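Understanding the architecture of this molecule
Listed below are the residues making up each chain.
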Amino acid sequence: QPNRVPPRRAVAANMAGSSKLLRVSQQLVSQRSACAGFRHQGRLAATSFAQPPASGSLLLRPSTQALFGVRSFSSQTKAEDEVLPAGGLDFTDGQIAFGSKSTFELFRGWLILQTCAVGWIVRNCDSLYNMSIKILRPYITHEILRYGLFNHFCAGENVKEIIPRMEHLRTYGVGGILDYAAEAKDDGEPIKAPKAEESTAGASLTARNYDYSGEKHCDANALIFMDAIRAVKDATPDGFAAIKLSGLCDPRLMERMASCLIQITRLFWKISHDPATSKDISKSPYYAIDRSFTVDRDTFKSNWIKFFNVDDDADVQKMFDKIDTDKDGVISYLEWTENIKLSGINDIASSCIHRGPMFQAALIDEELQLYFNLVDRVHRILGLAQELGVRVMVDAEWIDIQPAIDHLVLTLQRKYNKGDQPIVFQTYQTYLEGMHQSVLRDLARSQRQGWYFGAKVVRGAYMVSEREKARNRGVESPINDTYEDTENNYHDTIESILSHNVGNKGSETGKDSEAEVLVASHNRGSIELVIRRAEELGKDKKGIYFGQLMGMADNLTFKLSKNGYKAYKYVPYGPINEVVPYLIRRTQENSAILGSPGVQEERAMLRQELRRRISPF
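Residues numbered from 1 in each chain as written. Predicted model: local features only at pLDDT ≥ 70, side-chain atom pairs only at ≥ 80, totals over all residues. Heavy atoms only, no water.

Quick look at the overall build of the protein chain now. The helix and strand tally for the protein chain stands at 24 helices and 12 strands. A total of 617 residues make up the protein chain; the buried ones form 56% of that total. Within the protein chain, contacts between residues at least 6 apart in sequence are counted, and of these 78% link residues at least 24 apart. Entry remark: accessible area of the protein chain is about 26500 Å², with carbon and sulfur atoms responsible for 52%. (Helix = DSSP H or I, 4+ residues; strand = E, 2+ residues; numbered from the N terminus. Buried < 20%, exposed > 50% of the residue type's maximum accessible area, 1.4 Å probe, protein only. Contact = heavy atoms within 4.5 Å. Areas by Shrake-Rupley, 256 points an atom, 1.4 Å probe, with all protein chains shown as cover.)

With that settled, consider the sheet that holds strand β7 (residues 391-394). Through backbone hydrogen bonds, the strands of a sheet pair up, either in parallel or in antiparallel fashion. Ordered by their spatial adjacency, eight strands build a closed barrel running β3-β4-β7-β8-β9-β10-β11-β12, and the pairing between neighbours is parallel. Along the sheet, successive strands turn relative to each other by an average axial angle of 25°, direction set aside. (Pairing = 2+ DSSP bridges. Axes fitted to C-alpha atoms, helices over the stretch in contact; angles between N-to-C directions.)

With respect to the helices and strands, Arg603 occurs in helix α24 (residues 597-614). For the buried residue Arg603, which engages in no salt bridge, the nearest side chain bearing the opposite charge is Glu602, 8.2 Å off. Once residues lying within four places of it in the same chain are set aside, the contact partners of Arg603 are Trp110, Leu113, Gln114, Ala117 and Leu594. (Lys, Arg positive; Asp, Glu negative; His and termini not counted. Salt bridge = Lys/Arg side-chain N within 4 Å of Asp/Glu carboxyl O.)

With 22 residues, helix α9 (residues 251-272) ought to run about 32 Å at 1.5 Å a step, and its terminal C-alpha atoms sit 32 Å apart, in line with that. Buried residues dominate α9, accounting for 18 of its 22 residues. (Expected span 1.5 Å × (residues − 1).)

For residues with low pLDDT, the predicted coordinates do not support detailed interpretation. Confidence along the protein chain averages 81 in pLDDT terms, with 78% of residues attaining 70 or more. For residues 1-84, every residue scores under 50 in pLDDT, and the model assigns this stretch 171 contacts once sequence neighbours within four places are set aside. Within the model, the stretch residues 191-201 combines pLDDT values under 50 with 25 contacts to residues more than four positions away or in other chains. (pLDDT = per-residue confidence, 0-100.)

Attention now moves to helix α21 (residues 554-562). A large share of α21 lies buried, amounting to eight of its nine residues. For α21, the set of buried residues is Asp554, Asn555, Leu556, Thr557, Phe558, Lys559, Leu560 and Ser561. Close packing links the buried residues of α21 with α3 (94-97), α7 (159-171), α20 (524-537), β11 (544-549), β12 (566-573) and α24. Backbone geometry just after α21 places Gly564 at a positive phi near 85°.

Contact pair helix α15 (residues 365-388) / helix α16 (residues 402-416): the axes reach a minimum separation of 11 Å and the direction vectors enclose 40°. By the angle between their directions, the pair α15 and α16 is classed as oblique. In terms of crossing hand, the pair formed by α15 and α16 is right-handed. For the pair α15 and α16, the contacting residues are Tyr371, Leu374, Val375, Val378, His379, Leu382, Gly383 and Gln386 in the first and His407, Leu408, Leu412, Lys415 and Tyr416 in the second. (Parallel < 35°, antiparallel > 145°, perpendicular 65-115°, else oblique. Left-handed = near helix turned anticlockwise from the far one by under 90°.)

With that out of the way, let us pick up the packing of helix α17 (residues 435-449) against helix α19 (residues 483-499). At a minimum axis separation of 9 Å, α17 and α19 run at an interaxial angle of 10°. Here α17 is positioned roughly parallel relative to α19, judged by the angle of their axes. For the crossing formed where α17 meets α19, the hand is right-handed. For the pair α17 and α19, the contacting residues are Met435, His436, Val439, Leu440 and Leu443 in the first and Asn489, Asp492, Thr493, Ser496 and Ile497 in the second.

In this section: the nonpolar core. By size, the foremost hydrophobic cluster in this structure holds 121 residues, and its most contacted members are Phe300, Trp304, Trp336 and Leu382. Considering each element in turn, this core owes the most residues, 12 residues, to α9. Grouped together as the second largest cluster of nonpolar side chains are 26 residues, Leu106, Val579, Ile584 and Met605 included. (Core = buried A, V, L, I, M, F, W, Y, C linked by side-chain atoms within 4.5 Å.)

Written as structure tokens, this is what we have:
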């Protein structure tokens, strides 16, 4: 690991009224620094491990406190010699943060965030919603939610409704990331291939349960995503469209694809190590599997014949030479994945000596056809995006299908990220153990294969459910053990992307170009660190984007935009009966964030701005 540079001092001047938060912040900073390569110079306004009250804590008049029942974070004014956060930005200016909102929208936002802070409501909001559906019926329930939760976090139900909201954001210099929020649901159970037929690699053909009426639904979703791309072009030309690949095929197919890709990765480990002495990785999280080694010709030959039937040594030599594209006598993981194709795994699996996981993971002909249908839909969407010059972010989803998403995105990036800008952006969830190494591999791929690297970096949205699934399955959790580990993973990942080809002018293919990254975060400390590190590297900020959810963290989005940074709102839309369950799941998954100091600060800022507007004095 790179050397971690601890901060020299922590700024305490503005936190006198919150000594408990200060002590916690200082303890966390003393344990581990925010991230490798992020050098803290001078005094920090916030740490990356928590979001303590902002520099220049909110000063509410007694009348304001009485009206809204809030105490200021600090009764102390700013020190005269206080150093502003990175870039000279002060994220506590309520007039800038909420200038785009009406007084009603301010009150609605304050009320929603206040409600979301009640743990009992968040934990039981799905049950409350279902109860309301039964008692009040769907229409009344959804009309009530439309003027509250839905209109606060979403832009509308269709493209016609969302364009005015996007144009409104654009007048304030804020772009939009348009996201059709209806999504497939993770049922928590992995797809298990039935017992394979004697002569057929993959699951038994007679046991498949794919619903072909669902193919029409997936075709319809593809048209919706294409409409979203056109809407981005019309309403926010510098924006993004977000797509969920689980909406373009049967999620069970993606789980089967992911299972096959996992077995391909495990096979690379097996042919590189002595089976008698190497550790068992069958229950190891996919992204945590080490792939940093290479395998030479002799090791490859001796292990390959332990797993596969071969006619003679020449067949093994031919296979090695096919994969060793660098012709250096060893095979790296990048070479392995470039040459072991998902669509061609049946040929390998059919020669398995044992009818084990590798044999059962291979896709049968029916699944391959569905896979090709998926690829066709995705290429139609991306072809339109390339034609209109609209960038597309592919959302990360649950772990059972994420390897399949990664595989498809890399295929798309190789094709569509070779123009004058990256069209396809991958999403990296850094709460997954080993994600930083995955990013490093993809950065190496982009340079090796000659394409622009584009990414969105998030902490993650499925933490609770992923840990529960791992526990129920008796396998290691794919989630980092601690929040500090996730923070380090998050910042290390961004550091690597910022540093990639920094200072290069680039090329027509994108091979030597700087990487582009969207920092998706409501953590003010993380944003300040990114700004500071980009300044230190001399990285052009036109390739750095910041994104926050619609209805939250306006103090970050609008301040960044006002100071020349590319700031975006993640704008969900879709049929209200499909979007509300999506919002409920996200609320429950992010319950810890809703009670964080950052959200507490935002509520206080909303109170203060409301009081400023309605007070005659």
